[in-house]
Amino acid sequence: MTDLSDLPLRDDLRGREPYGAPQLDVPYALNTNENPYPPSEALVKALGAAVTDVAGTLNRYPDRDAVALRADLAAFLDADTPGAGITGDRVWAANGSNEIIQQILQAFGGPGRSVLGFEPSYSMHPIITAVSGTRWINAARDEDFTLEPARAVAAVEEHRPDVVFLTSPNNPTGTSLPLETIEAVLAAAPGMVVIDEAYAEFRRSGTPSALTLLDGRPRLIVTRTMSKAFAMAGTRLGYLAADPAVIDALLLVRLPYHLSAVTQAVARTALAFRDELLGSVEALRRERDEIVGWLRGEGFTVADSDANFVLFGRFPDRRRVWAGLLERGVLIREVGPPEWLRVSVGTPGEMAAFRTALKESL
Ligand SMILES: *Cc1c(COP(=O)(O)O)cnc(C)c1O
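Because the structure is a prediction, the values reported are computed rather than measured.

Chemist: Where do I start with unusual backbone geometry in this structure?
Modeler: Generally, phi is negative for residues other than glycine and the peptide bonds are trans, each holding for most cases. Residue Pro120 follows Glu119 across a cis peptide bond; omega there is 5°. The topology assignment puts Pro120 in the loop between strand S3 (114-117) and helix H4 (124-131). A cis amide bond links Gly313 to the next residue, Arg314, at an omega of -10°. In this structure, Arg314 sits in the loop between strand S10 (309-313) and helix H11 (318-327). The phi angle at Phe145 is positive, at roughly 75°, despite the residue not being glycine. Inspection of the secondary structure assignment puts Phe145 in the loop between strand S4 (135-138) and helix H5 (149-159).

Written out as structure tokens, the structure is:
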């Protein structure tokens, strides 16, 4: 039997584990922060029609620059953050924001370069960084998972990274960053600053988006996704807003025709149904605030959340609690600092099952 050690694999990939949030067939999947509400019958019909429409043209390559889709995404962002002045030439799209992040690092990272992140944060940032041959530097967040501007700036000044990642709202903690932290990092950073806003639509009201800072700041990139609030994780569509010069840089590294005609058509159809798709966001935020309150009432420590998940603890043996929930059909995520667990916000029925299973597992 041949195994990996027999192959001439890159030295820096030896001993690595693939990304692996368990994909188990369980009644209650509350582990990957998906929106629990499937597309409506009307949207399913429209998606079918859109795919049928492009099916007859699949002998041809798709629009390489996804111009129509980028214009639709820009219109959505412009409505989401009025005054940010987002237009199609300031938006770029790819197969999930993970591919967006990969393209950013292909263009601005690489051998001899470094990326600074503030952990605990999204586990894919260091993985994509390493795979792109870039050095990952971790500067810790504060004890309560926030990030004071002075502390962030000190880390930037110490390490002089080529790219800084700031996740807001942060995964797995749910913590939003104040714009002051982002502005301070931008002022101090010698390179690109990426704000990962995968959960932006769930933020509590009054929490601003970094989109409002884009104007006149060509080293700022804000990434978004249709995988979370937009309830389209299966579509694989991530995007960013930035200065048009940033998009010129990404054109150098993207694979030609990276976004299939089917993906572009499906994403545009979903965007046309945005009111319906984002209609569940209010309910999910309410459900989130309820589960935070319930967990605190039960005596757990809970991080404030601006996302569709909640980090709670603290468990001397979190594996035992995680396994107890799984035994009862509830899959949550063992992620983040050692004594904490993360639960995604699901439907009221799913959250009731979670509450019951958690009490029984303790
Ligand atoms: C889920 C998530 C993403 C999204 O990934 P996609 O590739 O768009 O599905 C990006 N950033 C963070 C912080 C996430 O949690």
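Chemist: Explain the environment of Phe202 here, please?
Modeler: In this fold, Phe202 is placed in the loop between strand S6 (192-196) and strand S7 (220-225). The sequence separation of Phe202 and Val281 amounts to 79 residues, and the corresponding C-alpha distance is 6.5 Å.

Chemist: Before we go on, may I ask you to explain the domain arrangement of the protein chain in this structure?
Modeler: Much of the literature gives interface size as the accessible area that the parts lose upon coming together. On domain assignment, one finds that the protein chain holds domain 1 (21-39 + 279-361) and domain 2 (42-272). Counting from both sides, the interface comprises 23 residues of domain 1 and, opposite them, 25 residues of domain 2. Both faces considered, domain 1 and domain 2 share a buried interface measuring about 1,900 Å² in area, 59% of it formed by carbon and sulfur atoms. The interface formed by domain 1 and domain 2 includes 1 salt bridge. Taken together, the connections running from domain 1 to domain 2 amount to 9 residue pairs in polar contact (both at pLDDT 80 or more). Looking at which element gives the most residues to the side of domain 1 that touches domain 2, the answer is helix H10 (residues 279-297), with 4 residues. Broken down by class, the residue content of the side of domain 1 that touches domain 2 amounts to 11 nonpolar, 6 polar and 6 charged.

Chemist: Is there a simple way to explain the site of the ligand in this structure?
Modeler: Neighbouring residues of the ligand: 13 residues in total, closest Ser97, Tyr199, Thr225, Ser227 and Lys228. Between the ligand and the protein, one listed contact pairs an oxygen atom with a side-chain N or O atom of Arg236 at 2.7 Å. For the ligand, the protein covers 94% of the area, taking 390 Å² as the surface of the free molecule. Within the shell around the ligand, the residues separate by chemical class into 3 nonpolar, 7 polar and 3 charged.

Chemist: So what exactly am I meant to see when it comes to the environment of Leu211 here?
Modeler: With respect to the helices and strands, Leu211 occurs in the loop between S6 and S7. A relative accessible area of 1% places Leu211 in the buried class. Between the C-alpha atom of Leu211 and that of Gly83, which follows or precedes it by 128 residues, the distance is 9.4 Å. Non-local contacts of Leu211, meaning those with residues more than four positions away in its chain, are made with Leu77, Asp80, Thr81, Ala84, Ile86, Glu197, Val222, Arg224 and Ala241.

Chemist: Would you mind going over the side chain of Arg288 with me for this structure?
Modeler: With respect to the secondary-structure elements, Arg288 resides in helix H10. A residue is classified by how much of its surface remains accessible, and Arg288, at 1% relative accessible area, is buried. Here the side chain of Arg288 touches Asp289 through a polar contact of 3.1 Å, side chain to side chain. In this structure the side chain of Arg288 is engaged in a polar contact, spanning 3.3 Å, whose partner is the backbone oxygen of Ser305. If sequence neighbours within four positions are ignored, Arg288 has contacts with Phe202, Arg204, Ser305, Asp306, Ala307, Val310 and Val345.

Chemist: Mind showing me how you'd approach the pairing of S7 here?
Modeler: For a regular strand, side chains alternate in direction, first toward one face of the sheet and then toward the other. Where burial is concerned, most of S7 is hidden: 6 out of the 6 residues are buried. Burial along S7 is two-sided: the residues Leu220, Val222 and Arg224 and Ile221, Thr223 and Thr225 are all buried. Bridging between S7 and strand S8 (residues 238-242) involves 5 bridges; their strand directions are antiparallel. Each residue of the ladder has a partner; that of Val222, found in S8, is Ala241.

Chemist: How should the pattern of salt bridges be read in this particular structure?
Modeler: Pairing is possible between side chains of opposite charge, provided their charged atoms come close. If you walk through the whole model with that rule in mind, you get 19 salt bridges. Ionic pairing is found between Arg10 and Asp12, a salt bridge with its closest N-O pair at 3.0 Å. Each of Asp80, Glu197, Glu201 and Arg224 takes part in one network of salt bridges that share partners.

Thresholds, definitions, all that
- Counting restarts for each chain: residues are numbered from 1 in the order of the written sequence.
- Only residues with pLDDT of at least 70 get local features here, since the model is predicted, and only at 80 or more are side-chain atom pairs given and counted; chain-wide, interface and lining totals rely on the full set of residues.
- The side-chain numbers reported here are obtained from all heavy atoms of the structure, hydrogens and water having been left aside.
- In this description a helix means any DSSP run of H or I spanning at least four residues, a strand means any run of E spanning at least two, and both kinds are numbered starting from the N terminus.
- Reported domain spans reflect what an automatic or database domain assignment gives.
- Throughout, a residue-residue contact means that at least one pair of heavy atoms, one from each residue, lies within 4.5 Å.
- A 1.4 Å probe defines the accessible area here, and the buried area is the portion of it lost by two parts on being joined, summed over both.
- The term salt bridge refers to a side-chain nitrogen of Lys or Arg lying within 4 Å of a carboxyl oxygen of Asp or Glu.
- Definition of a polar contact: a pair of N or O atoms within 3.5 Å, with one able to donate and the other able to accept a hydrogen when the atoms are protein atoms, and with sequence-neighbouring residues admitted only if both atoms are side-chain atoms.
- When residue character is reported, Ala, Val, Leu, Ile, Met, Phe, Trp, Tyr, Cys and Pro are called nonpolar, Asp, Glu, Lys and Arg charged, and the others, Gly included, polar.
- We define proximity as follows: a residue is near a molecule or strand when any one of its heavy atoms falls within 4 Å of that partner.
- Accessible surface area values rest on a Shrake-Rupley calculation with a 1.4 Å probe, where residue burial reflects the displayed protein chains alone.
- When a residue's accessible area, from a 1.4 Å probe over protein chains only, is under 20% of the maximum for its type it is buried; when over 50% it is exposed; and in between it is partly exposed.
- The pairing criterion is simple: DSSP has to find at least two bridges between the two strands.

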